[in-house]
There are 2 protein chains.
Amino acid sequence: MSTLPQTHPLLDGRTASSPLVRAYRGERGSTTPVWFMRQAGRSLPEYRSLREGVAMLDSCLDPAMASEITLQPVRRHGVDAAIFFSDIVIPLRLAGVDVEIVPGRGPVLGRPVRTAADVARLRELTLEPEALEPIRQGIAATVAELGSTPLIGFAGAPFTLAAYLVEGGPSKDHLGARAMMHADPDSWRDLMEWAADISAAFLRAQILAGASAGQLFDSWAGSLSPTDYGTSVQWASARALAAVADLGAPLVHFGVGTGEILAAMRDAGADVVGVDWRTTLEEASRRLGGDTPVQGNLDPALLSAPWPVLESAVLAVLKSGRAAPSHVFNLGHGVPPDTDPDVLTRIVALVHEAGGDSA
Amino acid sequence: MSTLPQTHPLLDGRTASSPLVRAYRGERGSTTPVWFMRQAGRSLPEYRSLREGVAMLDSCLDPAMASEITLQPVRRHGVDAAIFFSDIVIPLRLAGVDVEIVPGRGPVLGRPVRTAADVARLRELTLEPEALEPIRQGIAATVAELGSTPLIGFAGAPFTLAAYLVEGGPSKDHLGARAMMHADPDSWRDLMEWAADISAAFLRAQILAGASAGQLFDSWAGSLSPTDYGTSVQWASARALAAVADLGAPLVHFGVGTGEILAAMRDAGADVVGVDWRTTLEEASRRLGGDTPVQGNLDPALLSAPWPVLESAVLAVLKSGRAAPSHVFNLGHGVPPDTDPDVLTRIVALVHEAGGDSA
């Protein structure tokens, strides 16, 4: 029995037959659905003017503003899905972690989590249901406007949250986090368990409030050896995904540079695997055994290429995606901040024109 | 007919039968040879005291200092090869490019190369034979001390040099360089051709002065899609490698995150392929068709793990390397600056004890 509220879009059919939800369920329709990671915010002038003078995390926690930013790219580009405007460190902030987004740098923690004592202190913090109220309100306001277009909720995966917590900020190779998993496996397990439950609570609140699908972003999982992923990380992502599985919303799992661990990411409990531009969708599908829907994977660097180059790259991605049972077109990573929004609109039109069955 | 001088170690047999050179030639001996990328410098206290008050690029251009830094890890760890202490931007500096290494940040250019006019100006710069004199002197002094231990020369691959030139400094996704190859393919080709010739001149000078092997570092090639690598990058690496092929020294090609393009990197003209920790050596060998010697690939994050964990990881790498005709043990990336040097010494002993034939 699903625990979705009776008005949830997946139950009342508002989004259940949308191209996105059908593709996420493995059905190939007449059109390939398309959306863009980081489509909300960043490159849009209407976003920049709305955000003026408002700190990143504050904008995520203002329900009206988060909802408006989420809707902007849907109106402008005609994409097949909205992705909720938020940040993967938001659930950390809502649990009481001292974290701020420093412009041009990324999330920076007041105090990195490096020792067993740090982890024990962290585990005293809990993500209370009432703390998630701004998220629920933002989702509800968004869904009310979206009609039959599905909203995708998201959360950072436990490893990516843990990497931020251990490093204290963005880092290149996440060596600190990857060292801790070997040097202090008990603390690592405790940290990952806490992070998994925070991820799950954030994602669950979004789906219950009206999101039709969920994406777990393991941004940094690509820095791991396949052995470390399998031994010290996969179980925690599985824990987060299992905690929302009863809701029945399709779940996507994505990370950059994860070509070697695509099957392991699927096996953590995802319905759909997102692929970056380093691995062709054909090769990704081969590694996934050919029966898993895929999402991706245009190289963001191509967004500034002349249209004929970009056009043929988009068509090549669509062709490569035919190897999977179904395909949701996306970039292989987030929209770069200096992207010309008109290019994204043109890609949406091209993907829709190219069709799905016949691509 | 080889153009090596008559005293070259490959000809007089001083290093031709060393475990490293034999493994690079595809022969599996009784011991697996081992060295570490970035073993020269960084983590060694004797290096830090020598470098005190000397800027990075100045230390590379001081023959006595570069030679001493190159020799330090050979003395300390008993590794099977020295790697010449230098920097991939050194040939740019010697050609007259305004580049400096900013501590904690990396190479920073006075003026990024972004337009056709920038590329044209760059191409007026040439790497004169006399500019390479400090390199030749450093190599000669090193080889005189090394005896039968081979010295590996190296150069940055054209794409990695081009990425620095276009970005003006280190960057995350090298989007500027990857955009230029599509937006302005003519300038890109000119830039890559120039960079290939600079790479080749730097590597050639090192081999002629006494290096027994050469490694082309394409540090950032892993940010490319397989299509872009094949279309816009591979030819330039092939040009650089072809320009030293007549010397007969074994050539290694390495980049981080290059699991999807290992065969393409080999096909650029390399004898040996370096593999990072994301791809097992077994899978890498499968992708390489099983007949290419491999080098790698212990995850540097494991260097801070407790010895039993590290020990079993080293043995697992040795086992995985059995899938290739021969294997040179290394890390999957450079030695992290805060590594305990004693751990490296202990790994060398373990690799040597574990044997080669019987590993």
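Residues numbered from 1 in each chain as written. Chains lettered and ligands numbered in written order. Predicted model: local features only at pLDDT ≥ 70, side-chain atom pairs only at ≥ 80, totals over all residues. Heavy atoms only, no water.

1. Regarding the nonpolar core
Ranked by size, the top nonpolar core spans 126 residues in total, and within it Trp35(A), Trp188(A), Leu191(A), Leu298(A) and Ile347(A) carry the most contacts. With twelve residues, the top contributor of residues to this core is helix H11 (residues 185-209) of chain A. Contacts of Leu191(A), omitting those with residues within four sequence positions, involve Val113(A), Val119(A), Leu122(A), Ala162(A), Leu165(A), Val166(A) and Met180(A). Met56(B), Ile101(B), Ile152(B) and Val294(B) belong to the second largest nonpolar core, which has 125 residues in total. (Core = buried A, V, L, I, M, F, W, Y, C linked by side-chain atoms within 4.5 Å. Buried < 20%, exposed > 50% of the residue type's maximum accessible area, 1.4 Å probe, protein only. Helix = DSSP H or I, 4+ residues; strand = E, 2+ residues; numbered from the N terminus. Contact = heavy atoms within 4.5 Å.)

2. Focus: the pattern of salt bridges
Residues and elements named next belong to chain A. Within this structure, the stated rule accounts for 44 salt bridges over all chains. Where Glu-283 meets Arg-287, a salt bridge forms, and the shortest distance between an N and an O atom there is 2.7 Å. Note that Glu-283 and Arg-287 are positioned in helix H14 (residues 281-287) at a spacing of four residues, about one turn of the helix. A relative accessible area of 18% places Arg-287 in the buried class. (Salt bridge = Lys/Arg side-chain N within 4 Å of Asp/Glu carboxyl O.)

3. Focus: helix H5 (residues 63-77) of chain B
All names here are of chain B. Under the 1.5 Å per step criterion, the end-to-end length of H5 is 22 Å for 15 residues, consistent within 8% with the ideal 21 Å. Restricting attention to buried positions, one finds in H5 the residues Met-65, Ala-66, Ser-67, Ile-69, Thr-70, Leu-71, Gln-72, Pro-73, Val-74 and His-77. For H5, the secondary structure elements touched by its buried residues are helix H3 (45-51), helix H4 (56-60), strand E1 (82-83), helix H8 (133-146), strand E4 (151-156) and helix H16 (341-354). Near the N-terminus of H5, the side chain that reaches the backbone nitrogen of Ala-64, with its oxygen 3.1 Å away, is that of Asp-62. (Expected span 1.5 Å × (residues − 1). Polar contact = N/O pair within 3.5 Å; in protein donor to acceptor, adjacent residues only side chain to side chain.)

4. Section: the sheet that holds strand E6 (residues 251-254) of chain A
Each strand in a sheet pairs with its neighbour through backbone hydrogen bonds, running either in the same direction (parallel) or in the opposite one (antiparallel). All names here are of chain A. Spatially, the seven strands line up as an open sheet ordered E1-E4-E5-E6-E7-E8-E9, and their pairing is parallel. Edge positions in the sheet fall to strand E1 (82-83) and strand E9 (327-331), since each has one partner strand and no second. With two bridges joining them, E1 and strand E4 (residues 151-156) adopt parallel strand pairing. Residue Ala-82 lies in a different strand from E4, and its bridge partner there is Leu-151. (Pairing = 2+ DSSP bridges.)

5. Some thoughts on the relation of the copies chain B and chain A
For the pair chain B and chain A, the relating rotation is 180°, the translation along its axis is 0.0 Å, and the fit reaches an RMSD of 0.0 Å. Expressed as an axis order, the relation between the two copies is that of a two-fold axis. The C-alpha atom lying nearest the rotation axis in chain B is that of Gly257(B); the distance is 3.7 Å. (Least-squares fit on C-alpha atoms with pLDDT ≥ 70 in both.)

6. Brief notes about the sheet that holds E1(B)
Strands sit in the order E1-E4-E5-E6-E7-E8-E9 (chain B) across an open sheet of seven strands; the sheet is parallel. At either end of the open sheet lies a strand with only one pairing partner, and these are E1 and strand E9 (327-331) of chain B.

7. Quick word on the UniProt feature "site: Transition state stabilizer" (unreviewed entry) in chain A
Residues and elements named next belong to chain A. As annotated by UniProt and renumbered to match this structure, "site: Transition state stabilizer" (unreviewed entry) occupies Asp-87. Residue placement: Asp-87 occurs in the loop between E1 and helix H6 (90-95). For Asp-87, a relative accessible area of 11% puts it in the buried group. The contacts of Asp-87, once residues within four sequence positions are left out, are Met-56, Leu-57, Cys-60, Ile-101, Phe-154 and Phe-202. (UniProt positions renumbered as here; feature names shortened; annotations may be inferred.)

8. Remarks on the side chain of Thr258(B)
Residues and elements named next belong to chain B. Among the secondary structure elements, Thr-258 is positioned in the loop between strand E6 (251-254) and helix H13 (262-267). A relative accessible area of 2% places Thr-258 in the buried class. Among the polar contacts listed, one links the side chain of Thr-258 to the backbone oxygen of Gly-255, at a separation of 2.9 Å. Sequence-distant contacts of Thr-258, that is, excluding residues within four places in its chain, are made with Ala-221, Gly-222 and Met-265.

9. Thoughts on helix H7 (residues 116-123) of chain B
Residue and element names in this part refer to chain B. Buried within H7 are the following residues: Asp-118, Val-119 and Leu-122. Down the axis, H7 shows its buried residues gathered within 95° of arc, on one side only. On the buried face of H7, the contacting elements are helix H9 (158-167), helix H10 (175-183) and helix H11 (185-208). (Arc of directions from axis to C-beta.)

10. Topic: the UniProt feature "domain: Uroporphyrinogen decarboxylase (URO-D)" (unreviewed entry) in chain A
The UniProt feature table records "domain: Uroporphyrinogen decarboxylase (URO-D)" (unreviewed entry) at residues 33-42 and 152-168 of chain A. The distance from the first to the last C-alpha atom of residues 152-168 of chain A is 28 Å, and the span holds 59% helix and 29% strand.

11. Section: the environment of Pro107(A)
Residue and element names in this part refer to chain A. Residue position: Pro-107 is located in strand E3 (residues 106-109). C-alpha of Pro-107 to C-alpha of Leu-303: the two residues are 196 residues apart in sequence and 26 Å apart in space. Dropping the residues within four chain positions of it, Pro-107 is found in contact with Val-89, Val-99, Glu-100, Ile-101, Tyr-164, Gly-168, Gly-169 and Pro-170.

12. Comments concerning the packing of helix H7 (residues 116-123) of chain A against H11(A)
Residue and element names in this part refer to chain A. Two numbers describe how H7 lies on H11: the axes approach to 9 Å, and their chain directions differ by 25°. Our classification of the angle between H7 and H11 gives roughly parallel. Once H7 is placed against H11, the crossing between them reads as left-handed. Listed contacts from H11 to Ala-116, Val-119, Leu-122 and Arg-123 of H7 are Ser-187, Asp-190, Leu-191, Glu-193 and Trp-194. A breakdown of the residues in the contact of H7 with H11 according to their chemical character gives five nonpolar, one polar and three charged. (Axes fitted to C-alpha atoms, helices over the stretch in contact; angles between N-to-C directions. Parallel < 35°, antiparallel > 145°, perpendicular 65-115°, else oblique. Left-handed = near helix turned anticlockwise from the far one by under 90°. Nonpolar A, V, L, I, M, F, W, Y, C, P; charged D, E, K, R; others polar.)

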